[in-house]
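Chains, contacts and geometry: an overview
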Amino acid sequence: MDKNFREEFTQIIKFQPPLYKQRYQFVKDLVEKYKPKKVADLGCADCSLLWMLKFCSCIEVLAGLDICANVMKEKMHTLSPLPLDYLQPSERSLTVTLHHGSVAHKDPCMLGFDLVTCIELIEHLEESELKKFPEVVFGFMAPSIVVISTPNSEFNPLLPRVMLYRHPDHKFEWSQAQFQSWALETARCYNYSVEFTGVGHPPAGMEKVGFCTQIGVFMRKYPQTGESVQSEKPTEAVYKTVFKAVYPSLKDEKYLQNAVISEVIFTAQIIKHRLMSKHKEYGDEPERKPKFQPSMDCFSDHLGKLVVEKNMEPFVSGNEVYIPLTTIFSFPKVNRLCGTFEKLCKLIAGKVTLSSDGSAVMFNIEHENEEN
C-alpha cells in the first residue's frame, strides 16, 4: 500500500516490472476487458492506480478512498486536468473524486460503481474493520466486479529481509488457503463467484509457493436492484471529500461549442487559402469561375469528390469569400463533432461571421489584398 516499502524487501528475487506495477497492470487489463464506467479504488494511498486508470477511455467516474488524507493530498494534483485537456477536450466525461474515510463505514457516495479495487488493502485492517469490510463492499456497495490483492505469506521465506510481515503496518498476512477460504465464504454470503490468480511468479521449481501477490476477482452473480440499494443507504454521509476534478468534455455544450467554432474556422481558412490561390491563377476575369479542388493531403479523395459532385464550391464575390456550411459540414471532424447540420448551425450562430442568408462562412479579403 505504501510505495516506500514496495520493493525494498526484495534482495535476491527481483520482479520485472516491479510488483506494484504488475498489480496495477492487472487492474488495467481487467478494465480494458470489462469496460467499467465507474471505478472506485479503496485504499488508494498516493493515487498511483487512479492516475493510471484516468487514461482508460471507458471510465467516466473515478473515486478513491483512504484512511490517511495526507497521503492522498501529496499526489492528488496528478489527477487534475492539464492545459491540454482544456485545449483538446475529450469526447467522454470524466470526474475524479477523493474521499477521506474508512472502508469499515458505509457512505452513499460509494454506491453505483461497476468495479471496486482493493489493492494491498485488507492486510492493513484491524480485526474489527475486516469483519465489517465484506458487508460494506459486497453487501452495501455491491459492484459488478471486486478485485482484492493481498500478500501471500507462503512467499515470505523467499524474501530475505522479511522477518514477520512485509510492511510494519500489516495486521496479518494470509497463506493461499487462508485467503481462498475467506474469499469463498465472502462470495457465498453475498452471491458472488470468485477466481484466484496473482502476480509475481515464484522461482522455477517452487511453483507450489504460489504468486508473491495473490489476487481474488469477484463477479456478482445477480444484478443489484434499486430497491435493495435504497434500503441500505445510510441517512448521512460519513466520508469527507478532499478532492474533486471534473474534466472538460465535448459532452458539455460549452466545450463542444468552442471545439466546433475552432474547427469550422480552421476548415474554412484552409478552404479559403486554396480558393484564393486558385483565384489568383485565373486573375479577375468575371466570366471564368474558379473551381474549388480541396487539398488531398488534408482531406480524403472521397470528400473532395463529394464537394464537387454536390456543387458545394466556395466562391469569391468582390472582396468577400463565401464558404458554404454544407461544404464545411462534409468534412469528417466537423461532421463527427456536430452530428447534424442543424446542430452545426446552432453552435456557430452569432459566433462566426456568416452570409446574409446564414448559409456560408464569410471572409472579407479587402485588408488581405491591401497587405499584399
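Here we summarise the structure given alongside this text. Fair warning: this is a prediction, and the values are worked out from it, not measured in the lab. All chains use their own residue numbering, which begins from 1 and follows the written sequence. Local features in this predicted model are restricted to residues whose pLDDT is 70 or higher, and side-chain atom pairs enter the listing and the counts only when it is 80 or higher, whereas totals over whole chains, interfaces and linings include all residues. Excluded from the side-chain calculation are hydrogens and water; included are all heavy atoms of the structure.

As for helix α12 (residues 341–348)
It helps to recall that an α-helix has 3.6 residues per turn; residues three or four apart then point in one direction. Rule in force here: Classification of residues uses two cut-offs on accessible area relative to the type maximum, computed with a 1.4 Å probe and protein chains only: under 20% is buried, over 50% is exposed, and between them is partly exposed. Strands here mean DSSP runs of E at least two residues long; helices mean DSSP runs of H or I at least four residues long; both are numbered from the N terminus. Directions from the helix axis toward the C-beta atoms define the arc.
Within α12, the full set of buried residues consists of Leu-344, Leu-347 and Ile-348. End-on, the buried residues of α12 take up no more than an arc of 85 degrees, which puts them together on one face. Turned more than 90 degrees away from the buried face of α12, the exposed residues are Glu-342 and Lys-346. Trailing α12 by a residue or two, Gly-350 shows a phi angle of about 80 degrees, which is positive.

A word on the packing of aromatic side chains
Filter applied, for reference: Paired rings are identified among Phe, Tyr and Trp, the last through its six-membered ring, by centres lying within 6.5 Å, and are further divided according to the angle between planes into stacked (under 30 degrees), edge-to-face (over 60) and tilted (the rest). In this analysis the charged atom, NZ for Lys or CZ for Arg, is taken to sit over a ring once it is within 6 Å of the ring centre and within 35 degrees of the ring normal.
On inspection of all chains with the given rule, the structure shows 15 aromatic pairs. With a centroid separation of 5.8 Å and an interplanar angle of 80 degrees, the aromatic rings of Tyr-20 and Tyr-24 are classed as edge-to-face. With Tyr-20 and Tyr-24 both in helix α1 (residues 19–34), this residue pair falls four residues apart, about one helical turn. Across this residue pair, the class does not change: Tyr-20 and Tyr-24 are buried. For Lys-272, the ring lying beneath its charged end belongs to Phe-363, and the centroid distance is 5.0 Å.

Some thoughts on the sheet that holds strand β10 (residues 320–324)
Just so we agree on the cut-off: We call two strands paired when DSSP finds no fewer than two bridges between them. Think of each axis as a best-fit line through the C-alpha atoms, taken over the contacting stretch in the case of a helix, with angles from 0 to 180 degrees between the N-to-C directions.
Pairing in this open sheet of three strands is antiparallel, and the strands run β9-β10-β11 from one edge to the other. The strands lining the two open edges of the sheet, one partner per strand, are β9 (315–317) and β11 (360–364). Between one strand axis and the next, the sheet turns through 25 degrees on average, direction left out of account. The pairing of β9 with β10 spans three bridges and is classified as antiparallel.

The values reported here are purely geometric and, on their own, carry no functional implication.
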